Amino acid sequence: MSAPAVRRQRVSNDRLRVLFAGGGTGGHLYPGLAIARALVREAPNVQPYFVGAQRGIEKEILPTTEFPFALLDLHPLYRTTPWNNWRTLGGGVRAWRALSKLARERVPTAVVGTGGYAAGVALAWARLHDIPTILHESNSHPGLTTRAFAGSAAAVYLAFPEAAERLRKGAHTDVRALGCPIDPPPLLRPSRAEARARWELPADAFVVLVTGGSQGARALNEAVAQWCAHGLPNGVALIWGTGRAQAAAYLDRDSATVRVRPYLAPIGDAYAAADLAVTRAGAMTIAELCAWGIPSVLVPLPTAAQDHQTFNARAVASTGGAVHVPQAELSAESLDATVRALIARPDQLAAMSRAALARGRPSSAADIARAIHALLRAR
């Protein structure tokens, strides 16, 4: 066997550490976990290692996963209280030292950044040490971290194709819209009748799914509560996920046609039963709705960073998959009018479903993993 062949064999047999950096919120952490798992399935010799912030959601989630991790003293930019940015600077210095120590144990083959303040220091460290960086951007308006590092990245994978217009990419950066990693719908989906039977809802009802995620959305909950109090349209039923923290105020609304739950997990039966969804406009929520082909009424969180949820909602609405309703315009009356108008236009609902499906990328995690693996092999 020739020396080059021996070297190639040794490289192929070695475990490759790929460092994943991102977090602060689930929208940055969960895509990284989905990509890491798909990458291990694609290339079993890859060993993901996660870096996150001590103050983010990752401190609760990463200990429950199969991956090794380190939580560092990372802070966001304090835009409204800039005098607190000494914490950001000091934490960044300590995180830099911790990354250098990790690299002495095993140098990463690549660094994958999935956004948020937890990714910035790791991407900067990798750039200085000539380690390839790969970015995933979940939102249609790229975050500060993605915009800052896209130009030097080996690849940027986007959930929304519209995000490419707001990036300054490098001459050799691979920029592709491969979707937002989610748990895809099952190959054999339950029928609507089966799903509604599990919820004990009428098979012929028009089912509206309302959810603001695990924390809930107070504006959605208040509008839906008033809508129920005024009286739902004939034949309409609700599956309503209030969020755990807000559930106590709404659980008494549960009835034969209004199913109230603190949190919808797993959410597959709710998606399978729904004709329409009323939700926030987070990237993962939109990715799931599109994968299932569910028409939606998107009510963006107005305080989201850089108003990215509004950009997300506009992107989906512009291609016909959703109705965008700003929170300032949301009320029981406007919600009632929107739902009645859609019920009266089954052709429009069907077109919305087709438009949502056209944006859906249920195989996103696997597609991104294959792209990353190809990049690692090429390098």
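Computed from a predicted model, the values in this text were never measured in an experiment.

Undergrad: For this particular structure, what's the right way to read the environment of G213?
TA: Residue position: G213 is located in the loop between β8 (206-211) and α8 (218-230). By relative accessible area, which is 30% here, G213 ends up partly exposed. Separated by 29 residues in the primary sequence, G213 and T242 place their C-alpha atoms 7.8 Å from one another. When near neighbours in sequence (up to four residues on either side) are disregarded, G213 contacts G243 and Y263.

Undergrad: What is the right way to read the pairing of strand β2 (residues 46-53) from this model?
TA: A regular strand carries its side chains on alternate faces of the sheet. When you tally the buried positions in β2, you get seven out of eight residues, the bulk of the element. Pairing of strand β1 (residues 16-21) with β2 involves six bridges; the strand directions are parallel. Looking at β2, one finds that R17 is bridged to Q47. Handedness of the β-α-β unit built from β1, helix α2 (residues 26-42) and β2 comes out right-handed.

Undergrad: Help me understand the nonpolar core, please; the structure alone is not making it clear to me.
TA: Grouped burial of nonpolar side chains is what soluble globular proteins tend to show. In terms of nonpolar packing, the biggest core is built from 36 residues, with L209, I239 and L298 touching the most fellow members. At the level of secondary structure, the elements contributing two or more residues to this core comprise α7 (192-199), β8, β9 (236-241), α9 (268-273), α10 (283-292) and α11 (308-318). With eight residues, α10 is the single largest residue contributor to this core. Apart from residues no more than four positions distant in its own chain, I239 is found in contact with W199, L201, V207, V208, L209, V210, R259, L264, A270 and A273.

Undergrad: Is there a simple way to think about the environment of S138 in this case?
TA: Take S138: it is sitting in the loop between β5 (133-137) and α6 (144-149). Linking S138 and L187, residues 49 residues apart in sequence, is a C-alpha distance of 24 Å. Excluding anything up to four places from it in sequence, S138 contacts G27, P31, A159, F160, C180 and A283.

Undergrad: Mind showing me how you'd approach the pattern of salt bridges here?
TA: Where charged atoms from two side chains of opposite charge come close, those side chains can pair. Tallied over the entire structure, the rule returns 15 salt bridges. Measuring nitrogen to oxygen at the nearest pair gives 2.6 Å for the salt bridge that ties R94 to D73. Residue R94 is located in helix α4 (residues 85-105), and its partner D73 is located in the loop between β3 (69-72) and α4; the two are separated by 21 residues in the primary sequence. Between D347 and R345 there is a salt bridge, and its shortest N-O distance comes to 3.0 Å. A residue is classified by how much of its surface remains accessible, and D347, at 48% relative accessible area, is partly exposed. Ionic contacts of the salt-bridge type, sharing partners, join the residues E200, D254, R259 and R261 into one network.

Undergrad: Just checking my understanding: could you explain the pairing of β3 for this structure?
TA: By the alternation rule, side chains of β3 split into A70 and L72, which are all buried, and F69 and L71, of which none is buried. Relative to β3, β2 runs parallel, the two being bridged by four bridges. What sits directly across from G52, in β3, is L71.

Undergrad: Please clarify how the packing of aromatic side chains should be interpreted in this entry.
TA: Under the criterion given, the structure shown has four aromatic pairs. Where F20 meets F50, the ring centres are 5.1 Å apart and the plane angle is 15°; that geometry is what we call stacked. With F20 in strand β1 and F50 in strand β2, the pair connects residues that are 30 residues apart, well separated along the chain. Exposure remark for F20: the relative accessible area of 1% places this residue in the buried category. Seen from their ring centres, F50 and F67 are 5.4 Å apart, and the 35° between their planes marks the pair as tilted. Residue F50 is located in strand β2, and its partner F67 is located in the loop between α3 (58-61) and β3; the two are separated by 17 residues in the primary sequence.

Undergrad: Sorry, what's going on with helix α5 (residues 117-128) here?
TA: An α-helix turns once every 3.6 residues. As a result, residues three or four positions apart point the same way. Residues A118, A119, G120, V121, A122, L123, W125 and A126 constitute the buried set of α5. Positive phi appears at D130, one or two residues downstream of α5, with a value of about 60°.

Undergrad: Hey, could you run me through the sheet that holds strand β4 (residues 110-113) in this one?
TA: Strand pairing in a sheet relies on backbone hydrogen bonds. The paired strands run either parallel or antiparallel. An order of β3-β2-β1-β4-β5-β6-β7 is seen for the seven strands of this open sheet, with the pairing classed as parallel. Every interior strand has two partners, whereas the edge strands, β3 and β7 (174-177), have only one. Averaged over all pairs of adjacent strands, the angle between their axes in this sheet comes to 20°, without regard to strand direction. Pairing of β1 with β4 involves four bridges; the strand directions are parallel. The residue of β4 that forms the bridge with V18 is A110. Each of β1, β2 and β3 is contacted by α4, which is oriented at about 160° to β3, the strand it contacts most. Those strands touched by helix α14 (residues 364-378) are β1, β2, β4, β5, β6 (155-158) and β7, and its axis lies near 175° from that of β6.

Thresholds applied
Residues numbered from 1 in each chain as written. Predicted model: local features only at pLDDT ≥ 70, side-chain atom pairs only at ≥ 80, totals over all residues. Heavy atoms only, no water. Helix = DSSP H or I, 4+ residues; strand = E, 2+ residues; numbered from the N terminus. Buried < 20%, exposed > 50% of the residue type's maximum accessible area, 1.4 Å probe, protein only. Contact = heavy atoms within 4.5 Å. Pairing = 2+ DSSP bridges. Right-handed = clockwise from strand over helix to strand, strands pointing away. Core = buried A, V, L, I, M, F, W, Y, C linked by side-chain atoms within 4.5 Å. Salt bridge = Lys/Arg side-chain N within 4 Å of Asp/Glu carboxyl O. Phe/Tyr/Trp six-rings, centres within 6.5 Å; stacked < 30°, edge-to-face > 60°. Axes fitted to C-alpha atoms, helices over the stretch in contact; angles between N-to-C directions.

Any functional reading would require information that these geometric values do not contain.
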